[in-house]
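Working through the structure, step by step
Here is what each chain is made of, one letter per residue.
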Amino acid sequence: MPASTAVAKIKSWNGYSESNGKAQKYIMKPYNKLTGRKLNVKTCPWCQITVVSCFYQTKSVKSYSKTSGCLQAMNWYKSKKRWKKKGIKPAVGYQVFYDFKGKGKPTHTGLVTAVSGSTVTVYEGNKSNKVGVRKFNYKTYKYVLGYGLPYYK
């Protein structure tokens, strides 16, 4: 199963937010079912949870980190030799990790949904409390730490 299944799912969530209840119902609730946790989008950062919930609901990935934390997810990819440092041209379906604090640790993540020339389009959960879109130039955008390469089926 190609990355397109996961990409279609995360794109379908565009605009799902804490305030309209859709992030809790369609992203967090399935994540809680998967992990047995009882997390809430209003009290827990949910960018990594969005990616996990996407993989879980689409059954598009053979194995993945089910953690809610960006650092743990990044380290999972590294432990599996599925990590690429910033500067590479990412592919659709890669998971991107950002460091917005400049400390060498991921603070946010999302799923690459398109690459055109040097422009990368990413859908992210918990971007201003909703699922939103970010576009950047992979050659010059300073906040990218690197990319996790999911095991798509």
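Note: the structure precedes this text.
The sections below set out a description of the structure shown in this document. (Residues numbered from 1 in each chain as written. Predicted model: local features only at pLDDT ≥ 70, side-chain atom pairs only at ≥ 80, totals over all residues. Heavy atoms only, no water.)

Per the counting criterion, the structure on display carries 14 aromatic pairs. Summarising the aromatic geometry, the rings of tyrosine 94 and tyrosine 147 are spaced 6.2 Å apart at their centres and angled 55° between planes, so their arrangement reads as tilted. You can see tyrosine 94 sitting in the loop between β1 (83–85) and β2 (95–98) and its partner tyrosine 147 sitting in strand β6 (residues 144–148), a full 53 residues away along the chain. On the basis of an interplanar angle of 85° and a centroid distance of 6.3 Å, the ring pair of tyrosine 98 and tyrosine 141 is categorised as edge-to-face. Of this pair, tyrosine 98 sits in strand β2 while tyrosine 141 is found in the loop between β5 (132–137) and β6, placing the two residues 43 residues apart along the sequence. Using a relative accessible area of 0% as the deciding quantity, one classes tyrosine 98 as buried. Lying over the aromatic face of tyrosine 64, lysine 66 brings its terminal NZ or CZ to 4.5 Å of the ring centre. Over the face of the ring belonging to tyrosine 98 we find arginine 134, whose NZ or CZ atom lies 5.1 Å from the ring centre. (Phe/Tyr/Trp six-rings, centres within 6.5 Å; stacked < 30°, edge-to-face > 60°. Helix = DSSP H or I, 4+ residues; strand = E, 2+ residues; numbered from the N terminus. Buried < 20%, exposed > 50% of the residue type's maximum accessible area, 1.4 Å probe, protein only. Lys NZ or Arg CZ within 6 Å of the ring centre and 35° of its normal.)

Before going further, it helps to spend a moment on the pattern of salt bridges. Tallied over the full model, the rule gives one salt bridge. Notably, a salt bridge pairs glutamate 124 with arginine 134, separated by 2.7 Å at the nearest N-O pair. Residue glutamate 124 is located in strand β4 (residues 119–124), and its partner arginine 134 is located in strand β5; the two are separated by 10 residues in the primary sequence. (Salt bridge = Lys/Arg side-chain N within 4 Å of Asp/Glu carboxyl O.)

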